[in-house]
Amino acid sequence: MTRFVATTVASFLLYLFLTTASGAVGLWSLEELALGVLLALIVAALTRDVLKGDWVRLLSPRRCALLVIYLVGPFFWAMAKANLDVAYRVITGRIKPGIVRISPKLTNDASITLLANSITLTPGTLSVEVEEKTNDLYVHWINVDESVLAQTPRDYTLICGGFPEWARRIAG
Amino acid sequence: MSWLPAVVFLGVCIAIALVRVAIGPTVPDRIVGLDTVNTIVVVAMVLLGAAFREVIYIDVAIVYALLSFVATLFIAKYIEKGKF
Amino acid sequence: MLDIITYVLIGIGLFFNLMAGVGLLRFPDFYTRLHAGTKCTTFGSIFLIGAVVLQSVAAWIDGGWGSPDSVLALHAAIALAAILVTNPTGAHAIARAGHRSGIKPVQAVVDDLEDAKFND
């Protein structure tokens, strides 16, 4: 039931974003609001069997606030550094690639998705494959640091910094 | 504001990416080029919408972004020799 | 003042999109090209669409609460969100498909994934 309500509210909010400046009730006309509620209910009813799992707990205000702080703070900074780094390597052509395996020890799908997408967009790394039993990630690294190769499992602080801790806090 | 020179410049970027689509050498290489072209086309559509003050360009861009994502997933699944 | 900020944002965005194109041509293998093609276009589109959002929010403030410029700003923001969510996911799918179809990283110093056996 909470899943149904959450899907309805999310669909309705997206509909509101897409139909601004249509009338006098706030920014919307009465017809648009009524149609929006109707369509949101239809979407929620149709996707009830698809959206399974306990994802509603991810919508708590604390997790959402942490996600926003993460995105505008450490994530955006790392992304800026990553792009300057890639631009530098495009110009100079100085690369030393390799695929390394890291074990961030995350336990659920939402946090591993967040971590994999963060890794793809940040310094010199690109997630290639996830092992579903242990949630280990295989990461393509554009400039491998030889000191990491001495031990297995690899030390992930050089690859993705504090991101696993953030992913655990936001979605763990 | 003059947005159109930026759109022309993005057209040059698309042309460069299309060179990679044309010369390959492997199929995944071409898909990387295609994915890049898709993203730049979405951005160019948003800029055109701002240039002509027409929202319809941006609506098309949203739909294009989502559909090109689905297309990328399908091609990836195809070259993976996996089951659909 | 607003126009200057917008032009700076457009300049940064165009630079990174150009880097994506040049990187696609210059890098030696599939994985490194994916680095250039994904990261640089995503970062470039943040700045370019950010410039559009900035201009239309300014026009929205000028035109009053119910002005049609709100549509431009919100729809551009939704397009940016779509790009931000779909781009890394698509890159992940392509990388995985490339590795499973047998492409090896060129000049690699280490390949843990090749050593692990994937049966499915």
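### Here we look at the interface of chain A and chain C
Stage number 1. Chain A puts 44 residues into the contact, and the matching count from chain C is 50 residues.
Stage number 2. Interface of chain A and chain C: buried area, both sides summed, is about 4000 Å²; carbon and sulfur atoms make up 72% of it.
Stage number 3. Contact with chain C buries surface across chain A, with Val-90, Ile-99 and Glu-129 of chain A losing the most and accounting together for 16% of the total.
Stage number 4. Counting the contacts that link chain A with chain C gives two salt bridges.
Stage number 5. Counting across the interface, chain A meets chain C through six residue pairs in polar contact (both at pLDDT 80 or more).
Stage number 6. Secondary structure elements with two or more residues in the side of chain A that touches chain C: helix 1 (2-18), helix 3 (61-92), strand 1 (98-102), helix 4 (109-121), strand 2 (125-131) and strand 3 (136-141) of chain A.
Stage number 7. Take the side of chain A that touches chain C: its biggest share by element is twelve residues, from helix 3 of chain A.

### Brief notes about the packing of helix 3 of chain A against helix 6 (residues 163-171) of chain A
Residues and elements named next belong to chain A.
Stage number 1. Between helix 3 and helix 6, the least distance of the axes is 9 Å, while the angle of their chain directions is 160 degrees. If you check the angle between helix 3 and helix 6, you find them roughly antiparallel. Helix 6 is crossed by helix 3, and the crossing has left-handed handedness. Touching Arg-63, Leu-66, Leu-67, Ile-69, Tyr-70, Pro-74 and Ala-78 of helix 3 are Phe-163, Trp-166, Arg-169, Ile-170 and Ala-171, all from helix 6.
Stage number 2. Its residues placed into classes, the contact of helix 3 with helix 6 shows ten nonpolar, no polar and two charged.

### Quick word on the pattern of salt bridges
Stage number 1. Applying the stated criterion to the full structure yields four salt bridges over all chains.
Stage number 2. Between Asp-85 of chain A and Arg-89 of chain A there is a salt bridge, with the nearest N and O atoms lying 3.2 Å from each other. Pair noted here: Asp-85 of chain A and Arg-89 of chain A are both in helix 3, with a separation of four residues, about one helical turn.
Stage number 3. On the basis of relative accessible area, Arg-89 of chain A is assigned to the buried category, the value being 9%.
Stage number 4. Close ionic contact of Glu-129 of chain A with Arg-100 of chain C constitutes a salt bridge, the shortest N to O distance being 3.2 Å. Remark: Arg-100 of chain C occurs in helix 3 (residues 69-100) and Glu-129 of chain A occurs in strand 2; the pair is interchain, linking two chains.
Stage number 5. Given the relative accessible area of 2%, Glu-129 of chain A is considered buried.
Stage number 6. Judged by relative accessible area, which is 28%, Arg-100 of chain C ranks as partly exposed.

### Some points on the confidence of the model for chain C
Stage number 1. On average, residues of chain C score 83 in pLDDT, and 88% of them reach the 70 mark or higher.
Stage number 2. Least confident of the elements in chain C is helix 4 (residues 112-115) of chain C, whose mean pLDDT is 65; most confident is helix 1 (residues 2-26) of chain C, at 89.

### Some points on the packing of aromatic side chains
Stage number 1. Counted under the stated rule, the structure contains nine aromatic pairs over all chains.
Stage number 2. Centre to centre, the rings of Phe-76 of chain A and Phe-43 of chain C are 5.9 Å apart; their planes meet at 40 degrees, and the pair counts as tilted. Here Phe-76 of chain A, found in helix 3, pairs with Phe-43 of chain C, found in helix 2 (residues 30-63), and the two come from separate chains.
Stage number 3. Take Phe-76 of chain A: its relative accessible area is 31%, and that puts it in the partly exposed class.
Stage number 4. Ring pairs connect the aromatic residues Phe-76 of chain A together with Phe-15, Phe-16, Phe-43 and Phe-47 of chain C, which therefore count as one cluster.
Stage number 5. For Arg-169 of chain A, the ring lying beneath its charged end belongs to Trp-166 of chain A, and the centroid distance is 4.8 Å.

### Some details on the packing of helix 2 (residues 27-52) of chain B against helix 2 of chain C
Stage number 1. Relative orientation of the contacting elements helix 2 of chain B and helix 2 of chain C amounts to 5 degrees, with a least axis distance of 10 Å. If you check the angle between helix 2 of chain B and helix 2 of chain C, you find them roughly parallel. Contacts between helix 2 of chain B and helix 2 of chain C pair Pro-28, Asp-29, Val-32, Thr-36, Thr-39, Ile-40, Val-43, Val-46, Leu-47 and Ala-50 of chain B from the former with Phe-30, Arg-33, Leu-34, Gly-37, Thr-41, Ser-45, Leu-48, Ile-49 and Val-52 of chain C from the latter.
Stage number 2. Residue composition of the contact of helix 2 of chain B with helix 2 of chain C, by class: twelve nonpolar, five polar and two charged.

### A few points about the nonpolar core
Stage number 1. Counting residues in each nonpolar core, the largest one holds 90 residues, and the members touching the most others are Ile-102 and Leu-137 of chain A, Leu-10, Val-46 and Leu-47 of chain B together with Leu-34 of chain C.
Stage number 2. Excluding anything up to four places from it in sequence, Leu-137 of chain A contacts Val-100, Arg-101, Ile-102, Pro-104, Ile-112, Leu-115, Ala-116, Ile-119, Ser-127, Glu-129 and Val-130 of chain A.
Stage number 3. In terms of nonpolar packing, the next biggest core, distinct from the first, is built from five residues, Leu-27 and Trp-28 of chain A together with Trp-60 and Ala-73 of chain C among them.

### Overview of the side chain of Asn-38 of chain B
Residues and elements named next belong to chain B.
Stage number 1. In this structure, Asn-38 sits in helix 2.
Stage number 2. Here Asn-38 falls in the buried class, since its relative accessible area comes to 12%.
Stage number 3. In this structure Asn-38 touches Tyr-64, Ser-68 and Thr-72, once residues within four positions along its chain are discounted.

### Side note on the environment of Ala-76 of chain C
Stage number 1. Checked against the element boundaries, Ala-76 of chain C lands in helix 3.
Stage number 2. Between the C-alpha atom of Ala-76 of chain C and that of Ser-45 of chain C, which follows or precedes it by 31 residues, the distance is 11 Å.

Conventions used here
Residues numbered from 1 in each chain as written. Chains lettered and ligands numbered in written order. Predicted model: local features only at pLDDT ≥ 70, side-chain atom pairs only at ≥ 80, totals over all residues. Heavy atoms only, no water. Contact = heavy atoms within 4.5 Å. Buried area = accessible area lost by both parts, 1.4 Å probe. Salt bridge = Lys/Arg side-chain N within 4 Å of Asp/Glu carboxyl O. Polar contact = N/O pair within 3.5 Å; in protein donor to acceptor, adjacent residues only side chain to side chain. Helix = DSSP H or I, 4+ residues; strand = E, 2+ residues; numbered from the N terminus. Axes fitted to C-alpha atoms, helices over the stretch in contact; angles between N-to-C directions. Parallel < 35°, antiparallel > 145°, perpendicular 65-115°, else oblique. Left-handed = near helix turned anticlockwise from the far one by under 90°. Nonpolar A, V, L, I, M, F, W, Y, C, P; charged D, E, K, R; others polar. Buried < 20%, exposed > 50% of the residue type's maximum accessible area, 1.4 Å probe, protein only. pLDDT = per-residue confidence, 0-100. Phe/Tyr/Trp six-rings, centres within 6.5 Å; stacked < 30°, edge-to-face > 60°. Lys NZ or Arg CZ within 6 Å of the ring centre and 35° of its normal. Core = buried A, V, L, I, M, F, W, Y, C linked by side-chain atoms within 4.5 Å.

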